[in-house]
Amino acid sequence: MKKIIVCTTLLLTISLRLSAQSTTNQMNQTSYFKNNAFLWGAASASYQVEGAPTADGKGQSNWDEWMNRYQVAGKGVNGNVAINFYDRTQYLKDIKLFKELGLTSYRFSISWPRIIPTGTGKVNTVAIDHYRTFVKDLKAAGIEPVMTLYHWDMPLELYNKGGWDNRQSIEWFADYARVVFDNFKDLVKIYVISNEILIETDMTLQAKSIISKENAPFSVIPAPENLATALNQFNHKLLAAARAAKIFHTYGIPQGEAGIAIPLFPTIAVDAHSAKAAEFIDGIVNRWFLDAIYKGSYPQDILEYAAEHRLHLKIGAADAKEIGEAGLTYLGINYYAPLIVQKNDAQPGFYGITFPTLPNTDYAYNGANRPDQLKRLLLRMRDEYGNPAIIITENGAGFENDDLLSNGQVNDARRAGYIKAHIEAMLSAKREGVNVFGYHVWSSHDNLEWIAGYGRRFGMIYVDFDTQQRTVKASAKEYGEIIKQFKSLK
Ligand code: GCO
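Residue Ser-443 follows Trp-442 across a cis peptide bond; omega there is 10 degrees. By the element assignment, Ser-443 lies in the loop between strand 15 (436-442) and strand 16 (461-463). Although it is not a glycine, Gln-255 adopts a positive phi angle of roughly 55 degrees. Along the polypeptide, Gln-255 turns up in the loop between helix 11 (227-251) and strand 5 (257-263). Backbone geometry at Trp-450 places phi at a positive 50 degrees, although glycine is not the residue there.

Written out as structure tokens, the structure reads:
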């Protein structure tokens, strides 16, 4: 019996290797990545930068509603102006800055409620024209567009129909994706189908808790009482992305690439006693997504936990398999920080787990500054998930008091150091065979940090939110130097 198990594992490993190989072979002929230089970019998202919430027939999104009606980010804090990026006069000036810095790609998101104002049905051609012009403007500056279809701003009508809790969301999204590929296939090669499934669900729970005045603390890991809701939403969003990827393939876009951007958090157990706890957290935040995409199954330990705790999962027997067969051509990784995990039986309310801070460690808003963990994560993708093509779709940091404008300059030394160290870690992993083909700093500009408002700056370009005046920070200049050095990297 034992022997048979060993053999099956071996066979599985061999077949995984083979499928990884065939992906690589495929990549050689048709992939954007194999035929073009490494992408050096920056990223942003529609709701965080665009403003213009009713321009050109835009429909309302869940975020418009939460910010304006319920003031989830505080009084008067909303995306109604943001950094005015919907305005062509403004964004052309920004594209000029990107060009001067030497960016070769730009990751941005298009807004679903602009394109289909009520979520399904009638397409708003004015919004399509706007984004087509934006893409052409980027390309005219020699910058490759990396287009995110969905970065959390859902048409309000669909949100009110249950949003991602509703299994119909898979069809709504698939129809939207078809509209996008139909209208951009001639201009855009690289698509990020969706962004940070996990964090969007966390944010939704957070917004709901503020609206209902419970004010539960924000947590990257869904609390036990929210775990069923979260896993059900994750499944719907993964299936929606899988459906979109299949549709993408029917277009046969030359050198076309379609992936999803997920946040990955390497876990670090503080001691041997905490190892199992760290594995459990890894199961929820990392393996839940990676196993579905690359193995066509959900992690057994998390499913067992759900069964033991009688969580009401609405996951079909073939769902994970469908996700595994979607043919996503690359993985977008958003990396900020690891999660430090401690088994703590005195805290039974949160899986008996706490998340202490590490001693002697630099901390940014989003966690510990640990470039070594980016390398560890990338090597894991090589060793455990068949070495897929990867784009770093987000990496960056905000630090308190790092963004002080003085005499027309912002010397954000801590951000500059963070970016440089993470690029070094990524390049070191690449030298060790990881298939990473692009890197995007989050973010090009300071912008609206969701519920945290405008106080948390993440940009390489400083924005005075009252005047919309831009100031290129020291980090951007340093990033520009790095790009120059590695411009012809493949
Ligand atoms: C994302 C991120 C961004 C944040 C960034 C900084 O999901 O892509 O949440 O929208 O602004 O991570 O916290």
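The subject of this paragraph is the pairing of strand 7 (residues 330-335). Counted residue by residue, strand 7 has 6 buried out of 6 residues, so it is predominantly covered. A two-sided burial pattern is seen for strand 7, the buried positions comprising Tyr-330, Gly-332 and Asn-334 on one face and Leu-331, Ile-333 and Tyr-335 on the other. Relative to strand 7, strand 5 is paired through 5 bridges, and the arrangement is parallel. What sits directly across from Ala-261, in strand 7, is Gly-332. Here 5 bridges tie strand 7 to strand 12 (residues 390-395), and the two strands are oriented parallel to one another. Looking across to strand 12, one finds that Gly-332 is bridged to Ile-391.

Cut-offs and rules
- Residues numbered from 1 in each chain as written.
- Predicted model: local features only at pLDDT ≥ 70, side-chain atom pairs only at ≥ 80, totals over all residues.
- Heavy atoms only, no water.
- Helix = DSSP H or I, 4+ residues; strand = E, 2+ residues; numbered from the N terminus.
- Buried < 20%, exposed > 50% of the residue type's maximum accessible area, 1.4 Å probe, protein only.
- Pairing = 2+ DSSP bridges.

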